[in-house]
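The residues making up each chain are set out below.
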Amino acid sequence: MRGTMAITEQFRNEIENFLSTTGMDPTRFGRAVMNDPNFVFDLREKRSPTAATMDKVRVWMAAHLGNNDFESATNPDTGTGSLRLSQRHLLGIEDLSPDEITAYLDLSDTYVEQNRRADKKSAVLRGRTIINLFFETSTRTSMSFELAGKRLGGDVLNMSVATSSVKKGETLVDTAMTLNAMHPDVLVVRHSESGSVKLLSEKVNCSVINAGDGSHEHPTQALLDALTIRRRLGRLNNLTVAICGDVLHSRVARSNIYLLQAMGTRVRVVAPPTLLPAEIERFGVDVFTDMTAGIKDCDIVMMLRLQTERMQGSYVPSIREYFRYYGLDREKLSVAHPNALVMHPGPMNRGIEIDSALADDIDRSLIREQVEMGVAVRMACLDLLTRSQHGDNSK
Ligand code: CP
């Protein structure tokens, strides 16, 4: 009779063979089979499974090996398994329930692991087409959507607006309908006009993801911010987050206010009166025009970029004065919670809204982590929305 260690070793090898043959992510495997994202990692740490567990896993693998649809393999007990997205599109956080937000974040967690592997590719979006349509400049959002689509095995096209027929006067809706006729599965759209992405979504058959529309919403930014906070602090409820700076022009602020409040966090906004939207109190936030009072005892200080490209006329007396009163530096941060963390969606204006050394301080700044989480969140969005389209919300 063989010893427990040999049996466990063989079982572990069977799983590793399954994972390498199918390309399935170990976190997803654990979730799908055992409702435990750490199952494979625990085994790798030499934890011994019970006989019943081995039977269950072997039956599952036998049923799914050679089945190309294993990625959608369902376990009704899994966290996101039974979730039905209420919408075909992701246009704003305002439209999402807390359960939907949690589903996006849970799936994003599994993609963080995939992105840290040497082999980062899977076949979740095999056969699907994603078109990125950016009418406004972007580095983080456009690159991370492109990377996300490619890592999931999809066909990704980036439409260059500068060399497209938009330059000959083609309207947004005509452009969208033209692309729609090519049967994409997802259009990722950024536009300078608030509401334009929703308008476009009403004219197409595919899913549309809002990559930022004017000063309205930037839902994937809020999701990646939430994922960053949840991974660092372990929760999204019972925190105090101060969103500081150019709130007036910020779609990031709006999406974050909706998301953080939906998840049970208290939100403050801190800005000069000229950079606060009219009736900001209606969002249910606490409003401050004094930076020290606004960030006192906060867990997270989220800085916003001064969006001079959206300003007509002067909203601040001078850049120097703005930094003096509203720029975040160590001295101002000292009134926040002693372990308070700093965030910024980027691109940053160093020395205008944030002190450069503080932005680079890995003990206090989450800015690099935000960029990493951006890829995982966008993978989760593409995955969930395409499964939702095809009537498969499992996993
Ligand atoms: N945060 C953000 O949306 O950055 P980009 O404009 O570079 O996409």
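Source: prediction; values computed, not measured.

Participant: Before we go on, may I ask you to explain the layout of surface pockets in this structure?
Facilitator: The gaps of empty space that remain are located by a probe, the size of a water molecule, rolled over the atoms. Of the volumes computed, that of the largest pocket is approximately 410 Å³. Lining the largest pocket are 22 residues; nearest its centre among them are Arg190, Arg251, Arg305, Gly346 and Pro347. Contributing elements (two or more residues each) for the lining of the largest pocket: α6 (140-151) and α10 (251-262). Residue classes in the lining of the largest pocket are distributed as 4 nonpolar, 11 polar and 7 charged.

Participant: What is the right way to read helix α7 (residues 172-180) from this model?
Facilitator: Within α7, the full set of buried residues consists of Leu172, Val173, Thr175, Ala176, Leu179 and Asn180. Seen along its axis, α7 keeps its buried residues to an arc of 160°; they face one direction. Those residues of α7 hidden inside the fold are in contact with β1 (129-134), β2 (155-159), β3 (186-191) and α8 (196-201).

Participant: Please explain unusual backbone geometry as it appears in this structure.
Facilitator: One can expect most non-glycine residues to show negative phi and most peptide bonds to be in trans. Of note, the amide linkage connecting Gly346 to Pro347 takes the cis form, showing an omega dihedral of -5°. Of note, Pro347 is situated in the loop between β9 (341-343) and α14 (356-359). In the Ramachandran plot, Asp297 falls in the positive-phi region, its phi being about 65° despite a non-glycine side chain.

Participant: Mind showing me how you'd approach the pairing of β3 here?
Facilitator: The side chains of a regular strand alternate, first on one face of the sheet and then on the other. Judged by how many residues are buried, β3 sits mostly within the fold: 6 of 6 residues are covered. Two elements, β1 and β3, share 5 bridges in a ladder whose sense is parallel. Across the sheet, residue Leu133 finds its bridge partner in β3, namely Val189. Note: β3 against strand β4 (residues 207-213), 5 bridges, orientation parallel. Residue pairing for β4: Val188 is matched across the bridge by Ile209.

Participant: Sorry, what's going on with the site of the ligand here?
Facilitator: The immediate surroundings of the ligand are formed by Ser138, Thr139, Arg140, Thr141, Arg190, His218, Gln221, Pro345 and Gly346. In this structure, His218 approaches the ligand through a side-chain N or O atom, which is 2.9 Å from an oxygen atom. Take Gly346: an N or O atom from its main chain is 3.0 Å from a nitrogen atom of the ligand. Contact with the protein chains removes 92% of the 260 Å² of surface that the ligand exposes when unbound. The cavity where the ligand resides is the largest pocket. For the shell around the ligand, the residue count by class is 1 nonpolar, 6 polar and 2 charged.

Participant: Got a minute to help me understand the sheet that holds β4 in this structure?
Facilitator: Hydrogen bonding along the main chain pairs the strands of a sheet, whether they run parallel or antiparallel. On the basis of which strands lie adjacent, the open sheet formed by 4 strands has the order β2-β1-β3-β4 and parallel pairing. With one partner strand each, in any of the chains shown, β2 and β4 form the two edges of the open sheet. Strand-to-strand twist of the sheet, defined as the mean angle between neighbouring strand axes without regard to direction, takes the value 15°. Set on the sheet, α7 makes contact with β1, β2 and β3; between it and β1 the angle comes to about 165°.

Participant: Would you mind showing me how to read the pattern of salt bridges here?
Facilitator: A side chain with one charge may pair with a side chain of the opposite charge, provided their charged atoms come close. What the rule picks out here adds up to 19 salt bridges. The salt bridge partner of Arg230 is Asp109, with a shortest N-O separation of 2.9 Å. Taken together, the residues Arg230 in helix α9 (residues 219-233) and Asp109 in helix α5 (residues 98-115) connect sequence positions 121 residues apart. One network of salt bridges, with partners in common, ties together Asp106, Asp109, Glu113, Arg230 and Arg231.

Participant: Is there a simple way to explain the pairing of strand β6 (residues 266-270) in this structure?
Facilitator: Within β6, 4 of the 5 residues are buried, which leaves it mostly tucked inside the rest of the structure. Both strand β5 (residues 240-244) and β6 contribute to a ladder of 5 bridges, which runs parallel. Across the sheet, residue Ala242 finds its bridge partner in β6, namely Arg268. Considered for its hand, the β-α-β crossover made up of β5, α10 and β6 is right-handed. Where β6 meets strand β7 (residues 286-288), 3 bridges bridge the pair, whose relative direction is parallel. Its bridge partner lying in β7, Val269 is registered against Val287.

Participant: Would you explain the packing of aromatic side chains in this entry?
Facilitator: To describe a pair of aromatic rings, one takes the distance between the centres and the angle between the planes. The full count for this structure, using the stated rule, is 3 aromatic pairs. Looking at Lys332, its charged tip hangs above the ring of Phe323, at a distance of 5.6 Å from the centre.

Participant: Honestly, the sheet that holds β5 in this entry has me stumped. Any pointers?
Facilitator: The 5 strands are arranged β7-β6-β5-β8-β9 in an open sheet whose pairing can be described as parallel. Unpaired on one side and paired on the other, β7 and β9 mark the two borders of the sheet. Averaged over all adjacent pairs, the angle separating strand axes in this sheet is 20°, with direction ignored. Of the pairings in the sheet, the one linking strand β8 (residues 300-303) to β9 comprises 3 bridges and is parallel in character. When the sheet's bridge partners are listed, Val301 is paired in β9 with Val342.

Definitions and cut-offs
Residues numbered from 1 in each chain as written. Predicted model: local features only at pLDDT ≥ 70, side-chain atom pairs only at ≥ 80, totals over all residues. Heavy atoms only, no water. 1 Å grid on protein atoms, 1.4 Å probe; cavity = no way out; pocket = protein on both sides within 12 Å on 5 of 7 lines; lining within 4 Å. Points joined across faces, edges and corners; volume = space filled by probe spheres on them. Helix = DSSP H or I, 4+ residues; strand = E, 2+ residues; numbered from the N terminus. Nonpolar A, V, L, I, M, F, W, Y, C, P; charged D, E, K, R; others polar. Buried < 20%, exposed > 50% of the residue type's maximum accessible area, 1.4 Å probe, protein only. Arc of directions from axis to C-beta. Contact = heavy atoms within 4.5 Å. Pairing = 2+ DSSP bridges. Near = heavy atom within 4 Å. Polar contact = N/O pair within 3.5 Å; in protein donor to acceptor, adjacent residues only side chain to side chain. Areas by Shrake-Rupley, 256 points an atom, 1.4 Å probe, with all protein chains shown as cover. Sits in = over half its atoms within 2 Å of the grid points. Axes fitted to C-alpha atoms, helices over the stretch in contact; angles between N-to-C directions. Salt bridge = Lys/Arg side-chain N within 4 Å of Asp/Glu carboxyl O. Right-handed = clockwise from strand over helix to strand, strands pointing away. Phe/Tyr/Trp six-rings, centres within 6.5 Å; stacked < 30°, edge-to-face > 60°. Lys NZ or Arg CZ within 6 Å of the ring centre and 35° of its normal.

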